[in-house]
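Spelled out, the chains give:
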Amino acid sequence: MKRRLNWQVTFACILIVLSIILYVCHYLIFKDGHRIFLDLLEYIAFIPVQVLLVTLVIDKLLRVREKRTLLKKLNMVIGVFFSEVGMDLVRRFLAFESNRERLSENLILSPEWTGKQFLQARKAIKDFGHELDLSGGGLVELGTFLEGKKYFLLRLLENPNLLEHESFTNLLWAVTHLAEELSFREGLTGLPQEDLGHLSGDIKRVYTLLISEWLVYMSHLHGAYPYLYSLAVRTNPFNPNAKAGFGG
C-alpha cells in the first residue's frame, strides 16, 4: 500500500513539474503572461463544474450500468437455483397445500401477462393463507432432498453478489434453516403435533418467499428471454393443465 502511495505521489509531482515546464515554454515563446494567467483562472473556474459532471452525472450513469450488469448475473444464479432446487420445492410444497386450487388462481401465467399482473400476483401471494397438511407424509422425502442440496445452497450463500439481492438471500437462509430443522430430528415420521406445527411454519416461510421470488424471476424472463418464459409457462407447476408440448 505504501509503495502504491509513493508511486502516486511521484506521478503527481511529475505531472505538476511537466505543467510548469509547459507554462514556462508558453511564456518564452509568446511573452504573454497575462494570457497565461487568464487561461489558468478559466481552467480553475471550470473545476467545480467538472467535478459535478464526473461525480454526479457520469458516476451515476456508470453505477446504473454496473447495477444492470450485476442484476443480469444474479438472475443467472437465480435461474440455476430454480432449476436445481426451487421448482422441486414448489412441487413438494404443493403436495402439502390444502388450498391448491385457490392458490393456483393467482399463478396461471400466460405470455400476455404485464408487469402490473406480476406485481398483483406477488401481493396476492404475500397475503395468501397457506393451509398445509403434513400428516400425510412427504417430510422424509423433503428432508432427503434438502440434505442432498445443502452444499449447493451453501455455495450460493458464499456468492458476495447476492448481498445486492436481499429478498433472494432471505429465501436461501429460509431454505437452509428448513433443511437444518429437518436434519436435526432423529425421524420425520410420527412427529408430535408441536413439531408438525413448527415445521409447518418454517415451510410456509419458505413457500411464500419462494413463490414471490419465482414471480420476480418469471417477470425477468418475460422481458429478457421470451423463449425461456414460454417453457416456464408450459411447465408451470401451479397449472394443473400445464404440459411442455404444444400438441392437443
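Notes on the structure follow. (Residues numbered from 1 in each chain as written. Predicted model: local features only at pLDDT ≥ 70, side-chain atom pairs only at ≥ 80, totals over all residues. Heavy atoms only, no water.)

**Remarks on the overall build of the protein**
For the protein, the count of helices and strands is 9 helices and 0 strands. Along the chain direction, N to C, the helices and strands of the protein fall in the order α-α-α-α-α-α-α-α-α. Per-residue burial for the protein yields a buried fraction of 33% across its 248 residues. Of all intrachain contacts in the protein linking residues separated by at least 6 positions in sequence, the fraction that spans at least 24 positions is 76%. For the protein, the computed accessible surface area is about 16,500 Å², with 61% contributed by carbon and sulfur atoms. (Helix = DSSP H or I, 4+ residues; strand = E, 2+ residues; numbered from the N terminus. Buried < 20%, exposed > 50% of the residue type's maximum accessible area, 1.4 Å probe, protein only. Contact = heavy atoms within 4.5 Å. Areas by Shrake-Rupley, 256 points an atom, 1.4 Å probe, with all protein chains shown as cover.)

**Examining a nonpolar patch on the surface**
A cluster of nonpolar side chains, Ile 16, Ile 20, Val 24, Tyr 27, Leu 28, Ile 29 and Phe 30, forms an exposed patch at the surface whose accessible area comes to about 740 Å². For Leu 28, the position within the fold is in helix 1 (residues 2-30). Taking relative accessible area as the criterion, Leu 28 reaches 52% and is therefore assigned exposed. (Patch = residues over 30% accessible without salt bridge, like charges linked within 9 Å, V, L, I, M, F, W, Y side chains within 5 Å. Salt bridge = Lys/Arg side-chain N within 4 Å of Asp/Glu carboxyl O.)

**Observations regarding the environment of Val 80**
Among the structural elements, Val 80 can be located in helix 2 (residues 33-96). Residue classification places Val 80 among the partly exposed residues on the basis of a relative accessible area of 40%.

**A short note on the packing of aromatic side chains**
For the structure on display, the rule yields 8 aromatic pairs. When the ring of Phe 81 is compared with that of Phe 168, the centres are 5.3 Å apart and the planes differ by 85 degrees; the resulting orientation is edge-to-face. Taken as a pair, Phe 81 in helix 2 and Phe 168 in helix 7 (residues 166-183) lie far apart in primary sequence, 87 residues in all. For the pair Phe 81 and Phe 168, a shared accessibility class is recorded, and that class is buried. Judged by centre distance (5.2 Å) and plane angle (50 degrees), the ring pair of Trp 214 and Phe 238 falls under tilted. Here the residue Trp 214 occupies a position in helix 8 (residues 193-224), and Phe 238 occupies one in the segment after helix 9 (226-234), the gap between them amounting to 24 residues. By the burial criterion, Trp 214 is buried, and Phe 238 matches it. Aromatic rings pair up to connect Phe 81, Phe 82, Phe 168 and Tyr 217 into one cluster. (Phe/Tyr/Trp six-rings, centres within 6.5 Å; stacked < 30°, edge-to-face > 60°.)

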